[in-house]
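# Geometric and topological summary
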Amino acid sequence: MQIGMVGLGRMGANMLRRLMRDGHEGVGFDLSADNVEALKKEGAKGDTSLEGFVALLTKPRVIWVMVPAGSPTEETIINLKKLLDKDDIVIDGGNSYFKDDARRAKVLAEKGIHFVDVGTSGGVWGIDRGYCMMIGGENATVKHIDPILKTLAPGRGTIERTPGWENRKGTAEEGYLHCGPSGAGHFVKMVHNGIEYGIMQAYAEGFDIFKNANSTNLPEDLRFDLNLPDIAEVWRRGSVIGSWLLDLASMALLENPDLSNFSGYVQDSGEGRWTIKAAIEESVPCEVLSAALYTRFRSRQQNTFAEKMLSAMRFKFGGHVEAAPTEEHAITR
């Protein structure tokens, strides 16, 4: 298929590259001429104006928007509506709020334009590993873009099949899933990221306990000078708490056991807050996810080795760089 990608940053450019490697025709748009030229050298078409970009696409156009959530996504979709025609398709692959998806779908439908929201997980590694995708939209529209989704997804790979799954149909074990109508994809991705906060926090606190196991506050015969990279690595081998996040934690600890290259100033990208808000609206208790979010708030005032672990994992899977610490952000143990 032909696919237009709006936003050729870390994620958008790599997604377009993965699609082109599988034979899809790539067309890119970015305000940065350098980003556009880089993809053109690899075989894509491209333009630095949205009008020029749309003109390069064949009807019905399929456009994947991969820009920051919030105002950048809102403005992009508003501008695309002016340029697109009936039966064109707009895909939002960023981390938008699911309630905005439902609204945007209605706004685009006024002109006969279809809207699909795709919660995308895979970070900077997705170009090779593939992207896990959670999708919301009309059945026919999602079916139309299936070749794109299939290429971007990781596929079954070497992961063992869940017993009994051979009797089921669907794309879930391929790494992508149509979750429901507009908003459903980003809703599932939102909760996914809320859970991610909790898992990361559990690892971070555990390694903080290890880091302080040789504290002078402990009886001398109960002090342990533990090798954190080795512990992370041994847990990767058959442990019930093994995961990709642990893989990345092991990598970071091996590179720098003290994680001195991180301050522990941990940002949150919005989905954690939205998950808590959804839980409140549903009257669902989520103590672990709430605590994980509040810990990130606290990390901006003071931090521990646990927060350095959080920063290290965020950098490894998504390339998230810490914000510069402020003056009050100075108490570290």
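Residues numbered from 1 in each chain as written. Predicted model: local features only at pLDDT ≥ 70, side-chain atom pairs only at ≥ 80, totals over all residues. Heavy atoms only, no water.

In this section: unusual backbone geometry. Lys59 connects to Pro60 through a cis peptide bond whose omega is -10°. Considering the arrangement of structural elements, one finds Pro60 in the loop between α3 (50-55) and β4 (62-65). A positive phi angle is found at Leu259, which is not glycine, with a value near 50°. By the secondary structure assignment, Leu259 is in the loop between α11 (244-255) and α12 (271-282). Judged by relative accessible area, which is 0%, Leu259 ranks as buried. In the Ramachandran plot, Ser283 falls in the positive-phi region, its phi being about 55° despite a non-glycine side chain. As for its placement among the helices and strands, Ser283 is situated in the loop between α12 and α13 (287-298). (Helix = DSSP H or I, 4+ residues; strand = E, 2+ residues; numbered from the N terminus. Buried < 20%, exposed > 50% of the residue type's maximum accessible area, 1.4 Å probe, protein only.)

On to the sheet that holds strand β2 (residues 25-29). The eight strands lie next to each other as β3-β2-β1-β4-β5-β6-β7-β8, forming an open sheet whose pairing is mixed. Each having just a single partner strand, β3 (45-47) and β8 (176-180) make up the two edges of the open sheet. Strand after strand, the sheet turns through a mean of 25° between neighbouring axes, direction not considered. Two elements, strand β6 (residues 114-121) and strand β7 (residues 132-136), share five bridges in a ladder whose sense is antiparallel. Within β7, the residue paired with Asp117 across the bridge is Gly136. Those strands touched by helix α1 (residues 10-21) are β1 (2-6), β2, β4 and β6, and its axis lies near 170° from that of β1. Across the sheet, helix α5 (residues 98-109) lies against β5 (89-92) and β6, angled at about 150° from β6, the strand it touches most. (Pairing = 2+ DSSP bridges. Axes fitted to C-alpha atoms, helices over the stretch in contact; angles between N-to-C directions. Contact = heavy atoms within 4.5 Å.)

Moving on: the packing of α11 against helix α14 (residues 305-318). Between two packed helices, what matters for the description is the angle formed by their axes and the separation of those axes. Running from N to C, α11 and α14 cross one another at 110°; their axes reach a closest spacing of 9 Å. Judged by the inter-axis angle, α11 sits roughly perpendicular to α14. Between α11 and α14, the contacting residues are Trp244, Leu245, Leu248, Ala249, Met251, Ala252, Leu253 and Glu255 on the first element and Phe305, Met309, Ala312, Met313, Lys316 and Phe317 on the second. Here the residues of the contact of α11 with α14 sort into twelve nonpolar, no polar and two charged. (Parallel < 35°, antiparallel > 145°, perpendicular 65-115°, else oblique. Nonpolar A, V, L, I, M, F, W, Y, C, P; charged D, E, K, R; others polar.)

Turning to α12, a few remarks are in order. Over its twelve residues, α12 runs 16 Å from end to end, which matches the ideal 16 Å to within 8%, given 1.5 Å per residue. Of the residues making up α12, those classed as buried are Glu271, Gly272, Thr275, Ile276, Ala278 and Ala279. Viewed end-on, α12 has its buried residues packed into an arc of 160°, placing them on one side of the element. At its buried positions, α12 is contacted by α9 (184-211) and α13. With its phi angle positive at about 55°, Ser283 sits one or two positions after the end of α12. (Expected span 1.5 Å × (residues − 1). Arc of directions from axis to C-beta.)

The terminal C-alpha atoms of α1 lie 17 Å apart, and with twelve residues this matches the ideal 16 Å at 1.5 Å per residue to within 8%. Here α1 lies mainly inside the structure; ten of its twelve residues are buried. Looking only at α1, the buried set comprises Met11, Gly12, Ala13, Asn14, Met15, Leu16, Arg17, Arg18, Leu19 and Met20. Two residues or fewer after α1 comes Gly23, characterised by a positive phi angle close to 100°.

Moving on: the nonpolar core. Ranked by size, the top nonpolar core spans 30 residues in total, and within it Trp64, Ile91, Val116, Met133, Ile135, Leu149 and Leu152 carry the most contacts. Counting only elements with at least two residues in this core, the list comes to β1, α1, α2 (33-40), β4, β5, β6, β7 and α8 (146-152). Here this core takes six residues from α1, the largest share from any one element. Counting 23 residues, the second-largest nonpolar core is a separate cluster that includes Ala232, Leu245, Ala252 and Ala306. (Core = buried A, V, L, I, M, F, W, Y, C linked by side-chain atoms within 4.5 Å.)

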